[in-house]
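Each chain, written out:
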Amino acid sequence: MDLSDLPNITPGALQPLDHAALAGPDDAGHPPRILLLYGSLRPVSYSRLCAEEGARVLRALGCETRFFDPSGLPLPDDKVDETHPKVAELRALALWAEGMVWSSPERHGAMTAIMKAQIDWLPLSPIGGIRPTQGKTLAVMQVSGGSQSFNTVNQLRILGRWMRLITIPNQSSVPMAWKEFEGGRMKPSPLYNRIVDVMEELARFTLMTRSRDKMLTDRYSERVETLQDVHKRVSG
């Protein structure tokens, strides 16, 4: 495990993924694929910096990470559709991913419009026969300029459930985020350790569920609809 870019990690404390214990029998074997979204366009974006810290941990654990830059993403329904280059890029990344990290600032007691717009561009319906979010894992994080809050992570959890994502139990909320960084890197603290906890848990859940997603999302109601469609076709 390469910890050269993780100065805050105590050597020996971060455990590698146990593929033999976690992976399903039909697992593809490639590194878990994690997409990270953040909800701010500021030059110094603490939601992005937290996501970057998380991505470093994920890579040390053997995951592959990609970011989506929300700059230039249009508002949903603003005279554009899924063919817009930024929308197409976001959807392609969502299809590639097996897990996601959503990291948003809290603004006026809620997630930012930038964060919500990214999620709103991800459809529940299949793209090329594949649902971009269903059965995949999700970790949620937020940053605040003031005191500790959980409004945004709670909202992100609701959205994750709505998007049929497997949202992991752990989460991160960083209060007074401007105090927690120096030179673009997060300082050692219990808040940093919590981000490590969240990424470690996300990596494990992703490896454990990715080859079992079809079984986990197989629904009685959808099977009934399929059988009814077949009956109509045969009887018609």
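That block above? That's the structure.
Residues numbered from 1 in each chain as written. Predicted model: local features only at pLDDT ≥ 70, side-chain atom pairs only at ≥ 80, totals over all residues. Heavy atoms only, no water.

Comments concerning the state of the cysteines
Our working rule: By definition, disulfides here are pairs of cysteine sulfur atoms that lie within 2.5 Å. The buried label goes to any residue with under 20% of its type's maximum accessible area, the exposed label to any with over 50%, and the partly exposed label to all in between, with areas taken from a 1.4 Å probe on protein chains only.
Scanning all chains against the criterion turns up 0 disulfides. You can see Cys50 has no disulfide; the closest cysteine sulfur is in Cys63, sitting 18 Å from it. The exposure class assigned to Cys50 is buried, which follows from its relative accessible area of 1%.

Section: helix α6 (residues 190-209)
Rules: Strands here mean DSSP runs of E at least two residues long; helices mean DSSP runs of H or I at least four residues long; both are numbered from the N terminus. Residue count minus one, scaled by 1.5 Å, sets the expected span of a helix. Here a polar contact means two N or O atoms within 3.5 Å. Within protein one must be a hydrogen donor candidate and the other an acceptor candidate, and residues neighboring in sequence count only if both atoms are side-chain atoms.
The terminal C-alpha atoms of α6 lie 28 Å apart, and with 20 residues this matches the ideal 28 Å at 1.5 Å per residue to within 8%. Taken together, the buried positions of α6 are occupied by Tyr192, Ile195, Val196, Val198, Met199, Glu200, Glu201, Leu202, Ala203, Thr206, Leu207 and Thr209. Between the side-chain oxygen at the start of α6 and the backbone nitrogen of Leu191 there is a gap of 3.2 Å, and the oxygen is on Ser189.

Structural notes on the pattern of salt bridges
Rules: A carboxyl oxygen of Asp or Glu within 4 Å of a side-chain nitrogen of Lys or Arg is what we treat as a salt bridge.
Taken as a whole, this structure holds 13 salt bridges when the rule is applied. Among the salt bridges present, the one from Arg185 reaches Asp5, with a minimum N-O distance of 3.1 Å. Placement of Arg185 in strand β9 (residues 185-186) and of Asp5 in the segment before α1 (19-22) is noted, with a sequence separation of 180 residues between them. One network of salt bridges, in which partners are shared, links Asp5, Glu53, Arg56 and Arg185.

Observations concerning helix α3 (residues 85-96)
Using the following cut-off: Residue contacts follow a heavy-atom distance rule, with two residues in contact if any of their heavy atoms lie within 4.5 Å.
End to end, α3 covers 16 Å across 12 residues, agreeing with the expected 16 Å (1.5 Å per residue, within 8%). In this structure, the buried side of α3 is in contact with β1 (33-38), β2 (64-67), β3 (99-107) and α4 (113-120).

Some details on the packing of aromatic side chains
Our working definition: A pair of aromatic rings is counted whenever rings of Phe, Tyr or Trp (Trp by its six-membered ring) have centres within 6.5 Å, and the orientation is called stacked for planes under 30 degrees apart, edge-to-face for over 60 and tilted otherwise. Criterion for a charge above a ring: Lys NZ or Arg CZ within 6 Å of the ring centre, and within 35 degrees of the ring normal.
Tallying each qualifying case throughout the model produces 2 aromatic pairs. With centroids separated by 6.4 Å and ring planes inclined at 55°, the aromatic side chains of Tyr38 and Phe67 adopt a geometry described as tilted. Separated by 29 residues along the polypeptide, Tyr38 in strand β1 and Phe67 in strand β2 bring together distant segments of the chain. Of the residues examined, Tyr38 reaches a relative accessible area of 7% and is grouped as buried. When the ring of Tyr46 is compared with that of Phe181, the centres are 5.5 Å apart and the planes differ by 40°; the resulting orientation is tilted. In this pair, Tyr46 sits in helix α2 (residues 46-60) while Phe181 sits in strand β8 (residues 181-182), placing the two residues 135 residues apart along the sequence. Classification of Tyr46 as partly exposed rests on a relative accessible area of 26%. For Arg66, the ring lying beneath its charged end belongs to Trp96, and the centroid distance is 4.1 Å.

A closer look at the pairing of β2
Both faces of the sheet carry side chains from a regular strand, because those side chains alternate between them. What counts is decided by this rule: At least two bridges found by DSSP between two strands are what make those strands a pair. Note on handedness: a clockwise path from strand one over the helix to strand two, with the strands aimed away from the viewer, defines a right-handed crossover.
In the sheet, β1 pairs with β2 via 4 bridges, with the strands oriented parallel. Counterpart to Leu36 in the pairing with β2 is Phe67. Where the polypeptide runs from β1 across α2 and back to β2, its parallel neighbour, the crossover connection is right-handed.

Side note on the side chain of Thr137
Along the polypeptide, Thr137 turns up in strand β5 (residues 137-143). Look past the residues within four positions of Thr137 in its chain and what remains in contact with it is Glu98, Gly99, Met100, Leu165, Ile166, Leu202, Phe205, Thr206 and Thr209.

Structural notes on the side chain of Ser45
Examined against the element boundaries, Ser45 turns out to sit in the loop between β1 and α2. Ser45 sits in the buried class, given a relative accessible area of 1%. Polar side-chain contacts of Ser45 include one of 3.2 Å to the side chain of Ser47. The residues touching Ser45, leaving out its near neighbours within four places in the chain, are Tyr38 and Ser40.

Here we look at the nonpolar core
Here is the rule: Nonpolar cores are built from buried Ala, Val, Leu, Ile, Met, Phe, Trp, Tyr and Cys residues. Side-chain atoms within 4.5 Å join them into one set.
Ranked by internal contacts, the top residues of the largest apolar core, which has 34 residues, are Val57, Leu58, Val101 and Met199. The set of elements that each furnish at least two residues to this core consists of β1, α2, β5 and α6. Among all residues touching Val101, those that are not within four sequence positions of it are Ile34, Leu35, Leu36, Leu37, Leu58, Ala139, Met141, Met199 and Leu202. One finds Leu73, Trp96, Leu159 and Leu165 within the second-largest nonpolar core, a separate group that totals 24 residues.

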